[in-house]
Amino acid sequence: MTSPTDDQHVLSHALNLAVANVHDRGGPFGAVIVAADGSRHEGVNRVTADNDPTAHAEVSAIRNACQTLGTFDLTGATLYTSCEPCPMCLSSALWARVERVVFAADRHDAANAGFDDANFYDYFDIAVEDRPMPVRHLQTEEIKATAPFEAWNTLAARIDY
């Protein structure tokens, strides 16, 4: 279990990563994953530097941790991030089974700096037919929609996640 002092120390490091990243053509976001074994894995926002809208600091830290640790399961890990995770980053942490998240600035601070994610937070509260990006269910005649799942379920060597 980490203490509040440990949390503050690691969170300060995430904030320092974010500030340094601004001076390296990146966005003002930094993150650190502290894995269950105590190892630390960093990530910074490289959205504009790499032309990758998924290159958020939290996602980068999760990717780095998983690659280094050789697992997709970060059970017992803590994600420290310079700013409240957006829905994509929070979803990534959930998929990685991160145990907890500690953040500094919140979504309103980010919005004041020009990073307003309100439309992403609100997306699922909008009626399906009124959403700004339509997502529609469609069946094909060529192949059953469930064919990939049927193939998955018959694969003896699959790794469940």
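Keep in mind that what you see is a predicted model, and the values were worked out from it rather than measured. (Residues numbered from 1 in each chain as written. Predicted model: local features only at pLDDT ≥ 70, side-chain atom pairs only at ≥ 80, totals over all residues. Heavy atoms only, no water.)

A. Spotlight on a nonpolar patch on the surface. Taken together, the side chains of F72, W95, W152, L155, I159 and Y161 define a hydrophobic patch exposed on the protein surface, amounting to about 720 Å² of accessible area. Along the polypeptide, L155 turns up in the segment after α7 (147–154). For L155, a relative accessible area of 45% translates into the label partly exposed. (Patch = residues over 30% accessible without salt bridge, like charges linked within 9 Å, V, L, I, M, F, W, Y side chains within 5 Å. Areas by Shrake-Rupley, 256 points an atom, 1.4 Å probe, with all protein chains shown as cover. Salt bridge = Lys/Arg side-chain N within 4 Å of Asp/Glu carboxyl O. Helix = DSSP H or I, 4+ residues; strand = E, 2+ residues; numbered from the N terminus. Buried < 20%, exposed > 50% of the residue type's maximum accessible area, 1.4 Å probe, protein only.)

B. Broad picture of the pattern of salt bridges. Tallying each qualifying case throughout the model produces 5 salt bridges. A salt bridge links K144 to E150; the shortest N-O distance between them is 2.7 Å. Looking at K144, the relative accessible area reads 51%, which means it is exposed. Given a relative accessible area of 37%, E150 falls into the partly exposed group. Between D160 and R158 there is a salt bridge, with the nearest N and O atoms lying 2.7 Å from each other.

C. Representation of the layout of surface pockets in the model. Computed from the structure, the largest pocket encloses a volume of approximately 740 Å³. For the largest pocket, the lining is made up of 33 residues, of which H56, C86, P87, D117 and F120 are closest to its centre. Those elements that provide at least two residues to the lining of the largest pocket are α2 (47–50), α3 (57–69), α4 (87–95), α5 (107–112) and α6 (118–122). Split into classes, the residues belonging to the lining of the largest pocket amount to 21 nonpolar, 7 polar and 5 charged. (1 Å grid on protein atoms, 1.4 Å probe; cavity = no way out; pocket = protein on both sides within 12 Å on 5 of 7 lines; lining within 4 Å. Points joined across faces, edges and corners; volume = space filled by probe spheres on them. Nonpolar A, V, L, I, M, F, W, Y, C, P; charged D, E, K, R; others polar.)

D. Examining the sheet that holds strand β2 (residues 40–44) more closely. Strand order across the open sheet formed by 4 strands is β2-β1-β3-β4, with mixed pairing between neighbours. Bordering the open sheet on either side are β2 and β4 (100–105), each of which pairs with just one other strand. In this sheet, adjacent strand axes meet at a mean angle of 15 degrees when their direction is disregarded. The pairing of strand β1 (residues 30–34) with strand β3 (residues 78–83) spans 4 bridges and is antiparallel. Across the sheet, residue I33 finds its bridge partner in β3, namely L79. (Pairing = 2+ DSSP bridges. Axes fitted to C-alpha atoms, helices over the stretch in contact; angles between N-to-C directions.)

E. Spatial organisation of the packing of aromatic side chains. Throughout the structure, instances matching the rule amount to 5 aromatic pairs. Taking the centre distance of 6.2 Å and the plane angle of 55 degrees together, the rings of W95 and Y161 count as tilted. Here the residue W95 occupies a position in helix α4, and Y161 occupies one in the segment after α7, the gap between them amounting to 66 residues. Each of the two residues, W95 as well as Y161, counts as exposed. Pairing W152 with Y161 gives two aromatic rings, centres 6.3 Å apart and planes at 80 degrees, and the pair type is edge-to-face. (Phe/Tyr/Trp six-rings, centres within 6.5 Å; stacked < 30°, edge-to-face > 60°.)

F. Broad picture of the pairing of β1. Where burial is concerned, most of β1 is hidden: 5 out of the 5 residues are buried. Here β1 shows a buried face lined by G30, V32 and V34 and a second buried face lined by A31 and I33. Here 5 bridges tie β1 to β2, and the two strands are oriented antiparallel to one another. Bridged to V34 within β2 is R40. The hairpin formed by β1 and β2 contains 5 residues between the paired strands, and G38 there has a positive phi angle of roughly 90 degrees.

Read these as layout, nothing more, since geometry by itself doesn't imply function.
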